[in-house]
Amino acid sequence: MNEQSTPQILVIADDITGGNDAGVSFVRAGLQVDVAFELPWHGNADVLIVNCDSRAQNAQEAAARVSDTVHACLSDMQPLLLKKIDSTLRGNAGAELNALMQASGKRLAIVAPAFPGAGRTTVGGQCLVHGVPVTQTEFTSDPKTPVVSADICALLQAQTTIPCRSLSSEDFSQRLSTWCNATAEIWVVDARTDADLDDIVNQILTLPEQPVVVGSAGICDALARQFVPASSRCLLAVIGSMSEIAQQQITLVSQDPGVEAVFIDIEDMLNGSIADYVPQIVCILASGRHCLIHTCSDNEARHQIPQLCTRWQLERSQLGEKICHFLGQLTQQVLCKVTPGALYLSGGDVATAIASVLGATGFRITDRVAQCVPYGYFLGGGWQRPVMTKAGGFGDETTLRQVLNFIEEKMSE
């Protein structure tokens, strides 16, 4: 879990509360979010948020901070760029967007500052607060960053020479279909509802070269709704138990087309053949299917343990330790490449081994999914998404089905 991966989204905010608001949108959608206090950043989150703390700075200083941030972050990553701005246009939106486009080389910025849930809409290129131009509200007398214009293009053009045009949703769709990147442009797009923002994001994500996305919490919510990787809605179940009830649970859910089981041969575990399984498991999760890792091919397999121990000259306890160590290492390698929505660990020794390899120092119980399946989070370590545990022989044949239903419902909230 110490490997660095490229975040899918880089959020550049102008204040810490705005950045954290953006982060909440993505966390609630099941993405892993890091807020960097300093650069360079090292982590494996889906979303990286960097606060430039530039809202109350002068335009020149704000632009410099954004430029430095972009150069520091984009040297070895190419995520979708999201410029988080205030929904009432306070701050240095024009100067910061100008700096971001120059530093990143992007030729198009889509500006959609509407936040319908808070009464902020964009109509005819004007920023309205509950239907009133923002310059007729208290934000025009903000003590630090007063808003001087409700015309979004005019406000941006006061701090950038990049051409800016206001577009209705219909104009946006038409212009996007014919756009070429011959010259840099900024488009301000109308949005009255969350559905309008969803439509804007949907169209942006179809482009072969994605523009800079600029907006407030509204566009963050819309982007989060569309930018959830399939794996984030899936369960990675590691089932080390060889009990009959565990096999019944696997058999029942394996009939679901959204579930695929991966049998790990004990001989491979003793040989340490982890690399043979990692790509298969990653592919299943990346495709949006739940993945069940199990170590028992049928109900007769556990009766072969004495012969296996004899052949490998191992005590039963030593065999168990090797199996748990293998499953721990396998889980760690999979999680370095893909991020499922939750972990399900069946078998106490297996749960302990995986907790150890992920660096967990404890477990915080928050609820239970089924009668015998506690639900919570590891304390410490690199895995901060939900974890469910179950003693191998507990439950009935529907227990794993209940777990899958729970995680599917939770990830769709």
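To be clear, the structure that these remarks concern was listed above.
Below or above, wherever it landed, is the structure these notes cover. Keep in mind that this is a model prediction, so the values were computed, not measured.

**Some points on the sheet that holds strand β2 (residues 33–36)**
And step 1. Ordered by their spatial adjacency, eight strands build an open sheet running β2-β3-β1-β4-β11-β5-β10-β9, and the pairing between neighbours is parallel. Each end of this open sheet is capped by a strand with a single partner; those strands are β2 and β9 (164–167). Taking each pair of neighbouring strands and ignoring which way they run, the sheet shows an average axis angle of 20 degrees.
And step 2. For strand β1 (residues 9–13) and strand β3 (residues 47–51), the ladder comprises five bridges, and the chain directions are parallel. Residue I12 lies in a different strand from β3, and its bridge partner there is V50.
And step 3. The strands touched by helix α2 (residues 59–73) within the sheet are β1, β3 and β4 (80–84), with β1 carrying the most contacts at an inclination of about 160 degrees.
And step 4. Against the sheet, helix α3 (residues 93–104) contacts β1, β4, β5 (108–112), β10 (185–189) and β11 (212–215), and its axis sits at roughly 165 degrees relative to β11.

**A few points about the packing of aromatic side chains**
And step 1. For the coordinates displayed, the defined rule picks out six aromatic pairs.
And step 2. Pairing F172 with W187 gives two aromatic rings, centres 6.2 Å apart and planes at 85 degrees, and the pair type is edge-to-face. Taken together, the residues F172 in helix α5 (residues 169–178) and W187 in strand β10 connect sequence positions 15 residues apart.
And step 3. For F172, a relative accessible area of 1% translates into the label buried.
And step 4. Ring plane angle 75 degrees and centroid distance 5.0 Å describe the contact between Y375 and F406, whose orientation is recorded as edge-to-face. Of this pair, Y375 sits in strand β17 (residues 373–379) while F406 sits in helix α14 (residues 399–411), and the two are 31 residues apart along the sequence.
And step 5. In this structure Y375 comes out as buried when scored by relative accessible area, which is 5%.
And step 6. According to the relative accessible area criterion, F406 is partly exposed, its value standing at 24%.

**As for the side chain of T160**
And step 1. With respect to the helices and strands, T160 occurs in the loop between α4 (152–157) and β9.
And step 2. Classification of T160 as buried rests on a relative accessible area of 6%.
And step 3. Here the side chain of T160 touches I162 through a polar contact of 3.1 Å, landing on its backbone nitrogen.
And step 4. Excluding residues that lie within four positions of it along the chain, T160 makes contacts with G94, N98 and I186.

**Structural notes on the pattern of salt bridges**
And step 1. As enumerated under the stated definition, the model contains twelve salt bridges in all.
And step 2. Close ionic contact of D46 with R385 constitutes a salt bridge, the shortest N to O distance being 2.9 Å. Of this pair, D46 sits in the loop between β2 and β3 while R385 sits in the loop between β17 and β18 (387–390), and the two are 339 residues apart along the sequence.
And step 3. By relative accessible area, D46 is classed as buried at 8%.
And step 4. One continuous salt-bridge network, built from bridges that share partners, spans D14, D15, R55, D86 and R90.

**Some remarks on the environment of V357**
And step 1. Relative to the assigned elements, V357 resides in helix α13 (residues 348–357).
And step 2. Separated by 22 residues in sequence, V357 and L335 have C-alpha atoms that sit 11 Å apart.
And step 3. Leave out the neighbours within four places in its chain, and V357 touches G328, Q329 and Q332.

**Regarding a nonpolar patch on the surface**
And step 1. The grouping of I16, V35 and F37 at the surface amounts to a nonpolar patch, some 320 Å² of accessible area in total.
And step 2. Mapped onto the elements, F37 comes out in the loop between β2 and β3.
And step 3. In this structure F37 comes out as exposed when scored by relative accessible area, which is 75%.

**A few points about the sheet that holds strand β12 (residues 235–239)**
And step 1. Read across the open sheet, the seven strands follow the order β13-β14-β12-β15-β18-β17-β16; overall the sheet is mixed. Two strands in the sheet have a free side with no partner beyond their single neighbour: β13 (259–263) and β16 (362–370). Neighbour to neighbour, the strand axes of the sheet diverge by 25 degrees on average, direction disregarded.
And step 2. Taken together, the two bridges between β17 and β18 define a ladder with antiparallel strand orientation. Within the sheet, the bridge partner assigned to G376 lies in β18 and is V387.
And step 3. Packing against the sheet, helix α8 (residues 244–254) makes contact with β12, β13, β14 (290–294), β15 (342–346) and β18, and its axis sits at approximately 150 degrees to β14.

**What to know about the packing of helix α10 (residues 278–286) against helix α12 (residues 316–335)**
And step 1. One way to put it is that α10 packs onto α12 with a least axis distance of 10 Å and a crossing angle of 50 degrees. With respect to each other, α10 and α12 are oriented oblique. In the crossing of α10 with α12, the sense of the turn from one axis to the other is right-handed. When α10 is examined against α12, the residues V278, I281, V282 and L285 are found in contact with a partner set consisting of L330, Q333 and V334.

Criteria and cut-off values
Residues numbered from 1 in each chain as written. Predicted model: local features only at pLDDT ≥ 70, side-chain atom pairs only at ≥ 80, totals over all residues. Heavy atoms only, no water. Pairing = 2+ DSSP bridges. Helix = DSSP H or I, 4+ residues; strand = E, 2+ residues; numbered from the N terminus. Axes fitted to C-alpha atoms, helices over the stretch in contact; angles between N-to-C directions. Contact = heavy atoms within 4.5 Å. Phe/Tyr/Trp six-rings, centres within 6.5 Å; stacked < 30°, edge-to-face > 60°. Buried < 20%, exposed > 50% of the residue type's maximum accessible area, 1.4 Å probe, protein only. Polar contact = N/O pair within 3.5 Å; in protein donor to acceptor, adjacent residues only side chain to side chain. Salt bridge = Lys/Arg side-chain N within 4 Å of Asp/Glu carboxyl O. Patch = residues over 30% accessible without salt bridge, like charges linked within 9 Å, V, L, I, M, F, W, Y side chains within 5 Å. Areas by Shrake-Rupley, 256 points an atom, 1.4 Å probe, with all protein chains shown as cover. Parallel < 35°, antiparallel > 145°, perpendicular 65-115°, else oblique. Left-handed = near helix turned anticlockwise from the far one by under 90°.

Purely spatial values, then, with no claim about function.
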